[in-house]
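Spelled out from the first residue to the last, the chains are:
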Amino acid sequence: MSTEATAETNGTHGTQAVELQGVDKSFGSVRALSGVDLTVGAGEFVSLIGPSGCGKSTLLRVVADLEEPTTGTVAVTGLTARQARLAQRYGIAFQQAGLLDWRTVAENVELPLQVHGVGKAERRRRAVELLELVGLAEFAGSRPAELSGGMQQRVAIARALAPSPRLLLMDEPFGALDEMTRERMQAELLRIAGETGAAVLFVTHSIPEAVVLSDRVVVMSPRPGRITEIVSGRRPPVAGDDLVPDAVEDVRETGAFFEAVTAVREALRKGAATEGHAG
Ligand SMILES: Nc1ncnc2c1ncn2[C@@H]1O[C@H](COP(=O)(O)OP(=O)(O)OP(=O)(O)O)[C@@H](O)[C@H]1O
């Protein structure tokens with residue numbers, strides 16, 4: 001059982017994407033997080049999994065500077081959480097795509113750049129590039145309502161990637177999608193993460209999803225959320241656009257995949273049995 005952070009990265013060296021030390025977070029008398037130490041390396045894919053209400057979203061929000069920790073320190077790409085937010089060092093995507101209906105798909109992707117004063121031509125160039133990356137180039141002029149749920153989520157990912165962040169924070173981004181779309185999106189995300197080299201901190205309730213996407217799966221206890229175990233994930237190597245869906249499929253059929261799924265399930269069960277609710 002280890003909460004120790006490793007500096008190991010996905011072949012990329014440099015500043016850690018996230019470094020949390022001794023993070024506690026309370027909302028009044030409700031203790032949401034307790035003593036969280038976690039490092040996400042540059043380019044690393046880390047999933048957070050744990051029972052409902054254990055503080056996963058709170059942890060993500062602390063990294064994103066949307067909540068302040070009660071105690072502990074937070075560094076994001078070597079900056080404070082606030083500096084990292086202002087410098088657009090991370091992109092964020094939630095379960096609901098949250099697109100603006102009155103803007104076109106391209107204008108939605110451009111939004112974070114517009115907020116930062118990037119000129120119109122440069123914004124459009126970047127939006128076209130990102131829409132190509134997520135396979136939606138021909139929908140640049142469409143309105144979000146004309147797209148399926150999976151396509152809207154791809155637009156949200158493109159928007160999150162617009163400022164070329166070193167880190168993506170994702171809170172159950174595929175939770176509202178059907179199983180087949182979800183699997184396609186997982187492959188898509190792995191390809192995008194591979195191509196951009198961005199680190200990903202990913203909240204999910206799905207054990208297989210966590211295992212297939214991640215370098216490491218961080219298992220949390222019931223509230224107050226603590227890290228009880230870190231299990232090695234089975235993130236497949238990315239070797240080219242067409243290979244990824246197959247690579248993901250292949251991983252799902254390996255014994256190593258089932259072993260990791262079992263290890264996460266047991267860690268969750270052990271955490272639930274030993275940790276009492278508090279606060
Ligand atoms: N702004 C807030 N004010 C008060 N309590 C909060 C606030 N945000 C979260 N909490 C509480 O903190 C705890 C952790 O919530 P959080 O949303 O982080 O859990 P979670 O693990 O993401 O849950 P789920 O898996 O159900 O989405 C919960 O008890 C929740 O009620």
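Just so it is clear, the model here is predicted, and its values are computed rather than measured.

1. Points about helix α1 (residues 56-63)
An α-helical turn contains 3.6 residues, so any two residues separated by three or four positions project in the same direction.
Line of reasoning, step 1. Counting buried residues along α1, 6 of its 8 residues qualify, which places the element largely inside the surrounding structure.
Line of reasoning, step 2. Looking only at α1, the buried set comprises Lys 56, Thr 58, Leu 59, Leu 60, Val 62 and Val 63.
Line of reasoning, step 3. Immediately beyond the C-terminal end of α1, within one or two residues, lies Asp 65, with a positive phi of roughly 65 degrees.

2. Some details on the nonpolar core
Line of reasoning, step 1. In this structure, Val 63, Leu 167, Leu 169, Leu 201 and Val 264 are the most contacted members of the largest nonpolar core, which totals 79 residues.
Line of reasoning, step 2. Looking at this core, you find at least three residues from each of domain 1 (1-89 + 166-279) and domain 2 (98-164).
Line of reasoning, step 3. For Val 63, the contacting residues outside a window of four places in its chain are Val 18, Val 74, Val 76, Ala 81, Leu 169 and Leu 201.

3. Brief notes about the sheet that holds strand β5 (residues 79-80)
Line of reasoning, step 1. Read across the sheet, 4 strands follow the order β2-β1-β4-β5 without closing on themselves; strand pairing throughout is antiparallel. If you trace the sheet from one side to the other, it starts and ends with β2 (30-40) and β5, each paired once.
Line of reasoning, step 2. Pairing geometry for strand β4 (residues 71-76) and β5, over 2 bridges, is antiparallel. For Ala 75, the partnering residue across the bridge sits in β5 and is Thr 80.

4. Quick notes on the domain arrangement of the protein
Line of reasoning, step 1. Domain assignment breaks the protein into domain 1 (1-89 + 166-279) and domain 2 (98-164).
Line of reasoning, step 2. Of note, the centres of domain 1 and domain 2, computed from C-alpha atoms alone, are 25 Å apart.
Line of reasoning, step 3. Taken together, the 13 residues of domain 1 in the interface contact 12 residues of domain 2.
Line of reasoning, step 4. When residues in the side of domain 1 that touches domain 2 are grouped by element, the largest group, 7 residues, is from helix α6 (residues 179-196).

About the thresholds
- Residues numbered from 1 in each chain as written.
- Predicted model: local features only at pLDDT ≥ 70, side-chain atom pairs only at ≥ 80, totals over all residues.
- Buried ≥ 20, exposed ≤ 12 C-beta atoms within 10 Å, placed from the backbone.
- Helix = DSSP H or I, 4+ residues; strand = E, 2+ residues; numbered from the N terminus.
- Core = buried A, V, L, I, M, F, W, Y, C linked by C-beta atoms within 7 Å.
- Domains from an automatic or database assignment.
- Contact = placed C-beta atoms within 7 Å.
- Pairing = 2+ DSSP bridges.

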